[in-house]
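# Chains, contacts and geometry: an overview
The chain contents come next:
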Amino acid sequence: MQKEISFFNTYVSPNAAQGVTELLNSTFLSEGKITEQFEKELCKMFDFKNIITLNSGTSALHLALDLLNIKESDEIIIPAQTFIATGLAVLYCKAKPVFADINYEDGNLNIESVRSKITSKTKAIICVHWGGYPCNMNGLKDLVKNTNIKIIEDAAHALGSVYSKENIGNISDITCFSFQAIKHLTTGDGGAITVKDPELYEKALRKKWFGIDRKNSAVSELGEREYDLKEMGYKYHLNNYASALGIANLSGYAARLKNRREIADYYKQELKNITALQLFKEEPDNKSAYWLFGLHTNNRPELIRKLKAKKVPTSVVHQRIDKNSIFGGADLSLINQTKFDNTQLHIPIHDAIDMETANYIVDAIKSSV
Ligand SMILES: Cc1ncc(COP(=O)(O)O)c(C=O)c1O
């Protein structure tokens, strides 16, 4: 009998219990040496110049916008094909999210649409690597050349993704990651940012911990750290406890990513010629981290029902966020977004999917279309 297939999965390394128990016994639960070690290991594994771990991907997005001094009346261009957190981060700064269209073929920002949305108020573009597949970063870079517009990457789905030989995290002004429970790498909840500009990086270090410069503020004889707070800060740091889980889960990450890519290659090979399906488009130079595996179908409700009957879960994962009242309702002039929203569907891909299960999923799809 086919074992139960889940759509999402939380990966916890077999070594995690030991690492976390050691941490608990040390009683240094908040941010400290283990967080530093986690950051060093992330830099080593993904070749990042720097990384600052945080308590969520949402905090990462808010901090990114805050670092760029985004404020009321500024416009931030974002896709509607994302999770609500991307849009909320813009609202946290009282700025205006401006929704650009996506490519129907991959769910990522469409360069021409972004171009048409740029005004004198545009301060940043947040691109989302939908499902882990990298956006057209060269296209975006060309758009902002000779302007002051910054690019923030929402790479919540894209730890380990590669754009044209460059790891996601090393390309733009700021890149934001999420280590939430069902992401490739989890710390329970958590996130991180990589920051290109050294001054902004120092600013991020302060702002993630109340705005206090811990490196340059000593503890006085009276027993409190001496500081003069000059700017707004947040309690956004990741703690040792979560970092211990992150370190354990990081071991074997490359092998797990390889497994996801092999499953994806198998899906592509087996499903590419089915006329009732259109797989998301990929360029040969880019590598997705495959947080998701997506396709389009014109018979979505029927396919969902048939697959459910065969115990294969599917999901749209997130539908367009502009439809929410807080953002003013769906903008139907975003033609590709509207089409995408009606036909997109994702099939299971994660660490608990082995080739045998992938084979079962493929057979179930072939007998359902
Ligand atoms: C595209 C995207 N951005 C941001 C986030 C927010 O991340 P977190 O849940 O870690 O705050 C998510 C969360 O799932 C997401 O899917």
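Calculation criteria
Residues numbered from 1 in each chain as written. Predicted model: local features only at pLDDT ≥ 70, side-chain atom pairs only at ≥ 80, totals over all residues. Helix = DSSP H or I, 4+ residues; strand = E, 2+ residues; numbered from the N terminus. Rg over C-alpha atoms; globule rule 2.2 N^0.38 Å. Buried ≥ 20, exposed ≤ 12 C-beta atoms within 10 Å, placed from the backbone. Contact = placed C-beta atoms within 7 Å. Domains from an automatic or database assignment. Nonpolar A, V, L, I, M, F, W, Y, C, P; charged D, E, K, R; others polar. Pairing = 2+ DSSP bridges. Axes fitted to C-alpha atoms, helices over the stretch in contact; angles between N-to-C directions. Core = buried A, V, L, I, M, F, W, Y, C linked by C-beta atoms within 7 Å. Near = placed C-beta within 6 Å. Parallel < 35°, antiparallel > 145°, perpendicular 65-115°, else oblique. Left-handed = near helix turned anticlockwise from the far one by under 90°.

A few words on the overall build of the protein chain. A tally of helices and strands in the protein chain yields twelve helices and twelve strands. What you see for the protein chain is a C-alpha radius of gyration of 21 Å, in line with the 21 Å of a compact globule of 369 residues. Viewed in the frame of its principal axes, the protein chain has a C-alpha envelope of about 75 × 55 × 35 Å. Burial status across the protein chain gives 46% buried among its 369 residues. Taking the contacts inside the protein chain whose residues are at least 6 apart along the sequence as the reference set, 71% of them involve residues at least 24 apart.

When cut into domains, the protein chain gives domain 1 (16-250) and domain 2 (253-366). Between the C-alpha centres of domain 1 and domain 2 there is a distance of 25 Å. Facing 33 residues of domain 1, the contacting portion of domain 2 comprises 28 residues. Secondary structure elements with two or more residues in the side of domain 1 that touches domain 2: helix 4 (84-92), strand 3 (96-100) and strand 6 (162-163). Residues of the side of domain 1 that touches domain 2, tallied by class, amount to 16 nonpolar, 13 polar and four charged.

Strand order in this open sheet of three strands is 10-11-12, and the pairing throughout is antiparallel. Edge positions in the open sheet fall to strand 10 (277-279) and strand 12 (344-347), since each of these has one partner strand only. The average angle at which neighbouring strand axes cross in this sheet is 40 degrees, direction not considered. Bridge count between strand 10 and strand 11 (residues 293-297): three bridges; the pairing is antiparallel. Bridging from a neighbouring strand, Gln 278 pairs with His 296 of strand 11.

To continue, consider the environment of Ala 181. Along the chain, the position of Ala 181 falls in the loop between strand 8 (174-178) and strand 9 (191-195). The spatial distance from the C-alpha of Ala 181 to the C-alpha of Asp 106 is 25 Å, given a sequence separation of 75 residues. Residues contacting Ala 181, with those up to four places away along its chain left out, are Thr 10, Thr 186, Gly 188 and Asp 189.

Within the largest apolar cluster, 95 residues are counted, with the highest numbers of intra-cluster contacts made by Ala 64, Leu 65, Cys 176 and Ile 193. Built from parts of two domains, this core gets at least three residues from each of domain 1 (16-250) and domain 2 (253-366).

Another aspect to go through is the site of the ligand. Around the ligand, the structure places 14 residues, and the nearest of them are Ser 56, Gly 57, Thr 58, Ala 156 and Ser 178. Taken together, the elements giving at least two residues each to the shell around the ligand come down to helix 3 (57-67) and helix 4. Of the residues contributing to the shell around the ligand, the split by class is four nonpolar, nine polar and one charged.

Right, let's get into the pairing of strand 8. When a strand is regular, its side chains alternate between the sheet's two faces. Across the five residues that make up strand 8, a large majority, five, are buried. Neither face of strand 8 is left uncovered, since the one carrying Ile 174, Cys 176 and Ser 178 and the one carrying Thr 175 and Phe 177 both have all their residues buried. The sheet contact formed by strand 5 (residues 150-154) and strand 8 spans three bridges and is parallel. The partner of Ile 152 across the bridge, within strand 8, is Ile 174. In this sheet, strand 9 lies alongside strand 8 in antiparallel orientation, the contact comprising five bridges. Across the sheet, the residue bridging to Cys 176 is Ile 193, located in strand 9.

The strand order across the open sheet formed by seven strands is 1-9-8-5-4-2-3, and the pairing between neighbours is mixed. The two strands at the open ends of the sheet, each matched to only one other strand, are strand 1 (52-54) and strand 3. Neighbour to neighbour, the strand axes of the sheet diverge by 25 degrees on average, direction disregarded. Examined bridge by bridge, strand 4 (residues 122-128) and strand 5 share five bridges and lie parallel to one another. Directly across from Val 128, in strand 5, lies its bridge partner Asp 154.

This next bit is on the packing of helix 3 against helix 7 (residues 198-207). Direction vectors running N to C along helix 3 and helix 7 enclose 125 degrees, while the axes themselves pass 10 Å from each other. By the angle between their axes, helix 3 is oblique relative to helix 7. Here the hand of the crossing between helix 3 and helix 7 comes out right-handed. Residue-level contacts link Leu 63, Asp 66 and Leu 67 of helix 3 to Leu 200, Lys 203, Ala 204 and Lys 207 of helix 7. Taken together, the residues that form the contact of helix 3 with helix 7 break down as four nonpolar, no polar and three charged.

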